[in-house]
Amino acid sequence: MSHFTRFSLLLGMAASLMAQTPTLSFGEITLVTPATTPPTYNVNLVLSTAGTSYTGQFAGLQFDLNYDPASLNVTIGLGAQTANLQVNTVCLTNYTGCTSYAQYNPSTTGTPQDTGGSPPGGQRAIIIGCCASGQTTPTANLIAQDGVVATLQIQGTSSTIANPILTLKGSPYLAGTTSGIVSGQNTGAQSIAMAIGAGSSDLNATGKLDFSKTYLVGNVYPYTADTVGSFGYTTPLSITFNDLIWSLFVITNAPTYSAPSACSDRLDAMLQYPLDTPTIRGGYPRGAATPQFNDLIVELFRETNAPGYTDRPVRPSLGGVCPALNSTLNASPARQVAVRHPAETEGTIVLGSSGGASAGQDRVPIYVRGGRDLAHLAVAFSLGDGQSQLRFEPAPGVNPTIMQDAQPGFIAGAWVTGLDIRAGQQLLLGYVVGPAGSAPNLKVYGVSASGLDDFREVGLDVSGAPLMRQ
């Protein structure tokens, strides 16, 4: 751990540079893989000037991070902007393994360091722009005004964390070139406000992150309730094929596999598209939506560690509040979030006439018909009669990526390799085979589709059997 003894830092920022205060917040949380025991997480700290008139860059940044050192091990490092930057930390309390600690809070009043509160202790960090060998003076235009300025690596000291809360202290400071720090006291910098970030555990911008109320995105099986702690494997913390199958059942409205309630933690864990980024919580603005095929594709890619999908985002619970908060979650003027619009009907799922597979069986063909040209179409559906043991026979060369027909009463399948269907034509996917008399009772429970080239949702109507909606 570096200390401030070799630094005579020129820190501060003229108030004339801004009309409103920039913000600092917890950004994206990711699980470190291969998974450790206890799990290890990387957490971004995000600086934003959205909503202010400030233009330019910061010469430095100071903040306090409170946590219980007996419960959490925390390492503070630089974010993506590492050129000419250096981070230095000191402890906020005198605890085992950390005997040199800050004498003051970041304040112009010189009040004592934060030894109390809940949680107590933690670290103070100062990020400065410098850092040629032996240089101790910040230089100009070093920290970009928006983005990840620091990263935290966090691991519990045991499998059971007694105090899992981190608090980003409410008076971090911008650092400029006009005043100094003496014995850990900042004598002239501007304060930064807390913001509601992708990794915040509350909607009041208090800078709090509670690791007891987080969940791994896509880890949704098993399930007993929609609240954090009631779904997903916790040991080991991972995405498995069971998560993929469970998501398929929910997305296609399969019987007994109910969709999560609006604004719930389980819904948030299933909404994986748009993707999480270092500064933006993924899935927005879909807090009241139902999972769609794009979410299933991302789940498949993550479960199989496809290139570009090896990250494992972790999100904190918002306590059942619907996140209609795009403008405040790590907002940036340049930020773009994909917005879902209701998909217009562009094709049809068709169940054909039954033909006997053999004595005592029905064999019903399933087609996708194009209302327009559909290129590289990914599609999923579930259908059944609610009671019979059914099986699926794929058409030659049109094998499903996923097919689940082991449970009685329904089948569910998905094709994610990209189907090409011309307008007015239809493609045979395969046949549903069941006992004699089952064909008239077949119903399509749900269907979801998207274009693989642009992740655009494609609306498919249902013909030949009524669409079931729970």
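Everything below is about the structure printed above this text.
Owing to the predicted nature of the structure, the values given are computational and were not obtained by experimental measurement. (Residues numbered from 1 in each chain as written. Predicted model: local features only at pLDDT ≥ 70, side-chain atom pairs only at ≥ 80, totals over all residues. Heavy atoms only, no water.)

1. Description of the sheet that holds strand 18 (residues 374-384)
To summarise the sheet geometry, strands pair through backbone hydrogen bonds and adopt either a parallel or an antiparallel arrangement.
Point 1. Strand order in the open sheet made by the four strands is 20-21-18-23, with antiparallel pairing throughout. Two strands close off the open sheet at either side, each with one partner strand: strand 20 (402-404) and strand 23 (443-451). Between one strand and the next, the sheet's axes are offset by a mean angle of 15 degrees, whatever the strand orientation.
Point 2. Relative to strand 21 (residues 410-421), strand 18 is paired through eight bridges, and the arrangement is antiparallel. Paired with Ser382 across the strands is Ala412, a residue of strand 21.
Point 3. Each of strand 18, strand 20, strand 21 and strand 23 is contacted by helix 1 (residues 241-251), which is oriented at about 75 degrees to strand 20, the strand it contacts most.
Point 4. Here helix 3 (residues 293-303) sits on the sheet in contact with strand 18, strand 21 and strand 23, set at roughly 90 degrees to strand 21. (Pairing = 2+ DSSP bridges. Helix = DSSP H or I, 4+ residues; strand = E, 2+ residues; numbered from the N terminus. Axes fitted to C-alpha atoms, helices over the stretch in contact; angles between N-to-C directions. Contact = heavy atoms within 4.5 Å.)

2. Observations concerning the packing of aromatic side chains
Point 1. Overall, the coordinates contain 13 aromatic pairs when judged by the stated rule.
Point 2. Judged by centre distance (4.7 Å) and plane angle (15 degrees), the rings of Tyr273 and Phe455 are stacked. Residue Tyr273 is found in the loop between helix 2 (265-270) and helix 3, and its partner Phe455 is found in the loop between strand 23 and strand 24 (459-463); the two are separated by 182 residues along the sequence.
Point 3. Judged by relative accessible area, which is 17%, Tyr273 ranks as buried.
Point 4. Ring geometry for Phe392 and Trp415: centres 5.8 Å apart, planes at 75 degrees, overall edge-to-face. Highlighted residues: Phe392 in strand 19 (residues 391-394) and Trp415 in strand 21, separated in sequence by 23 residues.
Point 5. Exposure remark for Phe392: the relative accessible area of 9% places this residue in the buried category.
Point 6. A network of ring pairs unites the aromatic residues Tyr221, Tyr223, Tyr233, Trp246, Phe249, Tyr257 and Phe410 as a single cluster.
Point 7. Sitting over the face of the ring of Tyr223, Arg266 holds its NZ or CZ atom 3.6 Å from the ring centroid.
Point 8. A cation sits over an aromatic face here: Arg363 above Tyr431, 3.7 Å from the ring centre. (Phe/Tyr/Trp six-rings, centres within 6.5 Å; stacked < 30°, edge-to-face > 60°. Buried < 20%, exposed > 50% of the residue type's maximum accessible area, 1.4 Å probe, protein only. Lys NZ or Arg CZ within 6 Å of the ring centre and 35° of its normal.)

3. Some remarks on the pattern of salt bridges
Point 1. Considering all chains together, one arrives at 12 salt bridges under this definition.
Point 2. The partner of Arg391 in a salt bridge is Glu393, and the shortest N-O contact between them spans 2.8 Å.
Point 3. Residue class for Arg391 comes out partly exposed when judged on its relative accessible area of 36%.
Point 4. Connected via shared salt-bridge partners are Asp268, Asp276, Arg281 and Arg315. (Salt bridge = Lys/Arg side-chain N within 4 Å of Asp/Glu carboxyl O.)

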